[in-house]
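One-letter residues, chain by chain:
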Amino acid sequence: MSRETALVSADWVEEHKNDANVVLIEVDEDVSAYDAGHIAGAIKLDWKDDLQDPVRRDFVNQQQFQELLSGRGVKNDDTVVLYGGNNNWFAAYAFWYFKLYGHGDVRLLDGGRKRWELDSRELTDEAVKREATEYVAKAPDLNIRAFRGEVEEAIGVKNLVDVRSPDEYAGRLLAPAHLPQEQAQRAGHIPTAASIPWSKAANDDGTFRSDDELKTLYADAGVDFGKDTIAYCRIGERSAHTWFVLHELLGQENVKNYDGSWTEWGSLVGVPVALGDEPGEA
Amino acid sequence: MCGAKKGGLDLKGVDVDKEAVIQGQVLRGDEPVGGAYVRLLDATGEFTAEVPTSATGHFRFFAKPGEWTLRTLAPKADPVDRQVVAQYGAVAEVAVTV
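Residues numbered from 1 in each chain as written. Chains lettered and ligands numbered in written order. Predicted model: local features only at pLDDT ≥ 70, side-chain atom pairs only at ≥ 80, totals over all residues.

Draft legend 1. The arrangement of the sheet that holds strand E4 (residues 79-83) of chain A in detail. All names here are of chain A. Reading across the sheet, the five strands line up as E1-E5-E4-E2-E3 and stay open at both edges, with parallel pairing between neighbours. If you trace the sheet from one side to the other, it starts and ends with strand E1 (7-8) and strand E3 (43-46), each paired once. As paired strands, strand E2 (residues 22-28) and E4 are joined by five bridges and run parallel to one another. Following the sheet pairing, Val-23 is matched in E4 by Val-80. Sheet strands in contact with helix H5 (residues 89-100) are E2, E3, E4 and strand E5 (105-109), and its direction is about 170° off that of E5. (Pairing = 2+ DSSP bridges. Helix = DSSP H or I, 4+ residues; strand = E, 2+ residues; numbered from the N terminus. Contact = placed C-beta atoms within 7 Å. Axes fitted to C-alpha atoms, helices over the stretch in contact; angles between N-to-C directions.)

Printed below as a string of structure tokens:
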């Protein structure tokens, strides 16, 4: 759990993309982006069709994840490198799945698709076919996933980090303007949560800020590194980006992503909600 | 982007009375720049949204009324900031040259 083991540069990818044990995987919110052009050799995971349960509100279970990766030709001992658009939101979300299901070596391409494009690096629309494998997923590691009961108990006790935009945190907006489809019944935030938008952890080109800048960012916003932390957003993808920063780059232990996030919390009966720009009381 | 009109994106289907639209085109000289990234920053400089430009260099945001900054990142160019004011009932049209 450090920048050296969790993050790779574009130069690293150029150098290693043809290695037999390296699998590049693109994960986007805009699922048509891959078809228009992807890094040579990269396969695609559709964050919704591939990674969500088709019926229940949950993501794919151990068996489904295992079948997915077997079908796409990923082996347990492969080095998986994830990247995508939207500053790697959905790639970070997929990274969290790979960790949850026990994949050994998984990394994120720093800056994702955006930095790759801004550097005018090559993209191709060539189809990629990998031979099926027999991937074995481990039981989910719930040390990195938080559920609602635990979040309620964390109010005023653990670090709660709300990574949505300030307007969503304050309750002035229910969702980012370009993603109106999944909304909660009520607006606001979980009381005592610190507002630290995911975007503060990244540079304009989508690469992550330095470890020192990141530590200062979270400490100044009230995160106590001596305590356990739960991050949330609206559906769990932006908070996977922050989970990656805290758990993988800064090596903090006991950091969980609450993927139920605001769409769950803001629709629950009887839970406390805070409005406005201040964290609020426990 | 088929159907884009000279001077701006087609506003068919957009209720400009209810939306504070900011849109425009990224150009290098007279040539449109597709695949540039335009970031919408609020009055405090906080990131609000980001879109890649279309093949014709066009972009569009549905903002709230107020002052915004458009920060454009394009290959082989320095970032360019443009200030813009959005309001209901008017389309803020911005040409960004990188």
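Draft legend 2. Examining the sheet that holds strand E7 (residues 194-195) of chain A more closely. Residue and element names in this part refer to chain A. As summarised here, the arrangement of the four strands in space is E7-E6-E8-E9, forming an open sheet in which the pairing is parallel. The sheet is open, and its two borders are formed by E7 and strand E9 (255-257), each paired with just one other strand. In this sheet, strand E8 (residues 229-232) lies alongside strand E6 (residues 159-162) in parallel orientation, the contact comprising four bridges. Paired with Leu-160 across the bridge in E8 is Ile-230.

Draft legend 3. Region of the structure containing the nonpolar core. The biggest cluster of nonpolar side chains holds 68 residues, and the ones touching the most others in it are Leu-82, Ala-91, Ala-92, Ala-94, Phe-95, Leu-108 and Ala-231 of chain A. Taken domain by domain, the makeup of this core includes at least three residues from each of domain 1 (3-140) and domain 2 (143-265) of chain A. Excluding residues within four positions of it along the chain, Ala-94 of chain A makes contact with Val-27, Leu-45, Leu-51 and Leu-82 of chain A. One finds Val-21, Ala-36, Phe-61 and Val-96 of chain B within the second-largest nonpolar core, a separate group that totals 21 residues. (Core = buried A, V, L, I, M, F, W, Y, C linked by C-beta atoms within 7 Å. Buried ≥ 20, exposed ≤ 12 C-beta atoms within 10 Å, placed from the backbone. Domains from an automatic or database assignment.)

Draft legend 4. Quick look at the UniProt feature "domain: Rhodanese" (unreviewed entry) in chain A. The UniProt record marks residues 18-125 and 160-274 of chain A with the feature "domain: Rhodanese" (unreviewed entry), using the residue numbering of this structure. End-to-end, the C-alpha atoms of residues 18-125 of chain A are 17 Å apart, and along that stretch the chain is 31% helix and 19% strand. (UniProt positions renumbered as here; feature names shortened; annotations may be inferred.)

Draft legend 5. Main features of the packing of H5 of chain A against helix H10 (residues 238-249) of chain A. Residues and elements named next belong to chain A. One way to put it is that H5 packs onto H10 with a least axis distance of 7 Å and a crossing angle of 65°. In terms of orientation, H5 and H10 fall into the roughly perpendicular class. For the element pair H5 and H10, the recorded crossing hand is left-handed. Residues Trp-89, Ala-92, Tyr-93, Phe-95 and Trp-96 of H5 form the contact with H10, whose participating residues are Arg-238, Ala-240, His-241, Trp-243 and Phe-244. Here the contact of H5 with H10 is composed, by residue class, of eight nonpolar, one polar and one charged. (Parallel < 35°, antiparallel > 145°, perpendicular 65-115°, else oblique. Left-handed = near helix turned anticlockwise from the far one by under 90°. Nonpolar A, V, L, I, M, F, W, Y, C, P; charged D, E, K, R; others polar.)

Draft legend 6. Local environment of the confidence of the model for chain B. Residues and elements named next belong to chain B. With 92% of its residues at a pLDDT of 70 or more, chain B has an overall mean of 87. Scored below 50 in pLDDT, residues 1-7 makes 10 contacts in the model with residues more than four places away or belonging to other chains. Per the prediction output, this complex has pTM 0.93; the corresponding ipTM is 0.83. (pLDDT = per-residue confidence, 0-100.)

Draft legend 7. Structural context of the interface of chain A and chain B. Contacts between the two partners involve 13 residues from chain A, matched on the other side by 13 residues from chain B. Per element, the largest residue contribution to the side of chain A that touches chain B is three residues, and it comes from helix H6 (residues 112-118) of chain A. Taken together, the residues of the side of chain A that touches chain B sort by class into five nonpolar, four polar and four charged.

Draft legend 8. Structural context of unusual backbone geometry. Residues and elements named next belong to chain A. In this model, Asn-87 sits at a positive phi of 55°, which is unusual for a non-glycine residue. Positioned with a positive phi, Thr-192 is a non-glycine residue whose angle comes to about 80°. Take Thr-192: it is sitting in the loop between helix H8 (166-170) and E7. Of the residues examined, Thr-192 has 20 C-beta atoms within 10 Å and is grouped as buried.

Draft legend 9. Local environment of the environment of Ile-196 of chain A. All names here are of chain A. The topology assignment puts Ile-196 in the loop between E7 and helix H9 (211-220). In this structure the C-alpha to C-alpha distance between Ile-196 and Val-163, which are 33 residues apart in sequence, comes to 5.0 Å. The contacts of Ile-196, once residues within four sequence positions are left out, are Val-161, Val-163, Leu-217, Tyr-218 and Ala-221.

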